[in-house]
Amino acid sequence: MTDFRYSEIFKSIQGEGFYTGTSSVFLRLWGCNFECRGFSNDQPDRHDTDPVTISDLNDLPVISHGCDSRYSWAAEYRHLSKLASADEICTEIGDRFGPFCHQNSGQWCHLVITGGEPMLSQTAMTSILDSFAAEHNLPRYLTIETNGTQGLRPAFRDIITQLYQSPDTELYWSVSPKLSISGETWDQAIKPDVVAAYAEISQTGQLKYVVDNSEQCWHEVETATREYRAAGVNWDVWIMPVGATADQQHKHQEDICQQALKRGYHFSARVHNWIFGNKPGT
Ligand code: SF4
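Here the structure is a predicted model, which means the values were calculated and not measured.

1. Focus: empty space enclosed by the protein
Right, so step 1: Tallied over the full model, the rule gives 5 cavities of 30 Å³ or more.
Right, so step 2: Lining the largest cavity are 41 residues, with Glu16, Asp68, Ser69, Gly115 and Arg270 sitting closest to its centre.
Right, so step 3: Looking at the lining of the largest cavity, the elements that each hand over two or more residues are β1 (3–13), β2 (23–29), β5 (141–146), β7 (205–211) and β8 (236–241).

Now the structure itself:
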């Protein structure tokens, strides 16, 4: 059986965007095609900690410069990742958190597959969804958090078409296109045709941009959104303040929120930061 690399599995609330506050199991898969060194990074060579000294992900301090999920893709954190088969991942989720439909409330906990960049791991996601279906514990609500750059592969498209077409189920695309403050280039980061193909297999989703309130950022939000709209992606836009820590976000969030409202967009805080401090496992 094939083993797949992942960073962590935990239950928390969705902290960002449309489903903020929703009870969710998170599966953070390993690997990313970007590095996003630009986020909150006035000191590009700064390291918050020496990963070699950490042996348990729960002991990792919040990474406050660059990508705050760096521990899910960077080589120096690989020793903190895990390998497991699709069946083992599904069993772990079932054993730790019970069925997605809660036995007490009858409410559905969502499954959020995140990263890193989970669309690099479509083979893993295909096998994992297959295993959940075989165990009669398919999450009714599935969110995929992606940077929107990786094309759909046929096997993944097929399993989504098979498992998520009934009106009782939902695949929700949470696409976070990376603007230039991330440090990534426009040509690599903004791929309207890729996201349009996602929208073809499920029409529900959001475009979620991280901004610093500069004119350049707002210009890029509007240009990118125009390009996604022209490709047929009509999801609502959510704006989030840059910053891994609550302090970093607080600096500009009121102004960014006002600006988002003025421009006709939704605003999203990162609520899990306020509640749990953005630690791994939250
Ligand atoms: S795309 Fe996301 S996970 Fe990948 S480096 Fe950028 S912020 Fe981090």
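2. A closer look at the packing of aromatic side chains
Right, so step 1: Within this structure, the stated rule accounts for 6 aromatic pairs.
Right, so step 2: Between Phe100 and Phe132, the ring centres sit 5.3 Å apart and the planes meet at 75 degrees, which makes this aromatic pair edge-to-face. One end of the pair, Phe100, is in the loop between α1 (86–97) and β4 (110–114); the other, Phe132, is in helix α2 (residues 122–134), and 32 residues separate them in sequence.
Right, so step 3: The exposure class assigned to Phe100 is buried, which follows from its relative accessible area of 2%.
Right, so step 4: By relative accessible area, Phe132 is classed as buried at 0%.
Right, so step 5: Among the aromatic side chains, those forming a connected cluster through ring pairs are Phe18, Tyr19 and Tyr172.

3. Some thoughts on the layout of surface pockets
Right, so step 1: Space inside the second largest pocket adds up to approximately 170 Å³.
Right, so step 2: Looking at the second largest pocket, it is lined by 14 residues, and the ones nearest its centre are Glu8, Asp56, Leu57, Asn58 and Lys82.
Right, so step 3: For the lining of the second largest pocket, the secondary structure elements donating two or more residues are β1 and α1.
Right, so step 4: No other element matches the 4 residues that β1 contributes to the lining of the second largest pocket.
Right, so step 5: Looking at the lining of the second largest pocket residue by residue, the classes come out as 5 nonpolar, 4 polar and 5 charged.

4. Some points on the pattern of salt bridges
Right, so step 1: Per the counting criterion, the structure on display carries 9 salt bridges.
Right, so step 2: Residue Asp68 is joined to Arg270 by a salt bridge in which the shortest nitrogen-to-oxygen separation is 3.1 Å. Taken together, the residues Asp68 in the loop between β2 and β3 (82–85) and Arg270 in the loop between β9 (266–267) and α8 (271–276) connect sequence positions 202 residues apart. The exposure classification of Asp68 matches that of Arg270, with both residues buried.
Right, so step 3: The partner of Arg263 in a salt bridge is Glu215, with the nearest N and O atoms 3.7 Å apart. Taken as a pair, Arg263 in helix α7 (residues 246–263) and Glu215 in helix α6 (residues 215–231) lie far apart in primary sequence, 48 residues in all.
Right, so step 4: According to the relative accessible area criterion, Glu215 is exposed, its value standing at 58%.
Right, so step 5: Here the residues in one salt-bridge network are Glu16, Asp68, Lys208 and Arg270, joined through shared partners.

Procedures and definitions
- Numbering of residues begins from 1 in every chain and follows the order in which that chain's sequence is written.
- With pLDDT at 70 or above as the cut-off, local features in this predicted model cover only qualifying residues; side-chain atom pairs require 80 or more to be listed or tallied, and sums for whole chains, interfaces and linings still use all residues.
- Note: side-chain values were computed over all heavy atoms of the structure, leaving out hydrogens and water.
- The way it works is a 1 Å grid over only the protein atoms, where trapped points that fit a 1.4 Å probe form a cavity and open points with protein on both sides within 12 Å along at least five of seven lines form a pocket, and then any residue with an atom within 4 Å of a point lines it.
- Grid points are joined across faces, edges and corners, and a volume is the space filled by probe spheres set on the points.
- Runs of E in the DSSP output that reach at least two residues are strands. Runs of H or I that reach at least four are helices, and both are numbered from the N terminus.
- Pairing of aromatic rings covers Phe, Tyr and Trp, the last counted by its six-membered ring, and requires centre-to-centre distances within 6.5 Å; plane angles under 30 degrees mean stacked, over 60 mean edge-to-face, and any other angle means tilted.
- Buried, partly exposed and exposed residues are distinguished by accessible area as a fraction of the type maximum, computed with a 1.4 Å probe on protein chains only: under 20%, between the cut-offs, and over 50%, respectively.
- Under the scheme applied, nonpolar residues are Ala, Val, Leu, Ile, Met, Phe, Trp, Tyr, Cys and Pro; charged residues are Asp, Glu, Lys and Arg; polar residues are all the others, including Gly.
- The term salt bridge refers to a pairing of a side-chain nitrogen on Lys or Arg with a carboxyl oxygen on Asp or Glu at a separation within 4 Å.

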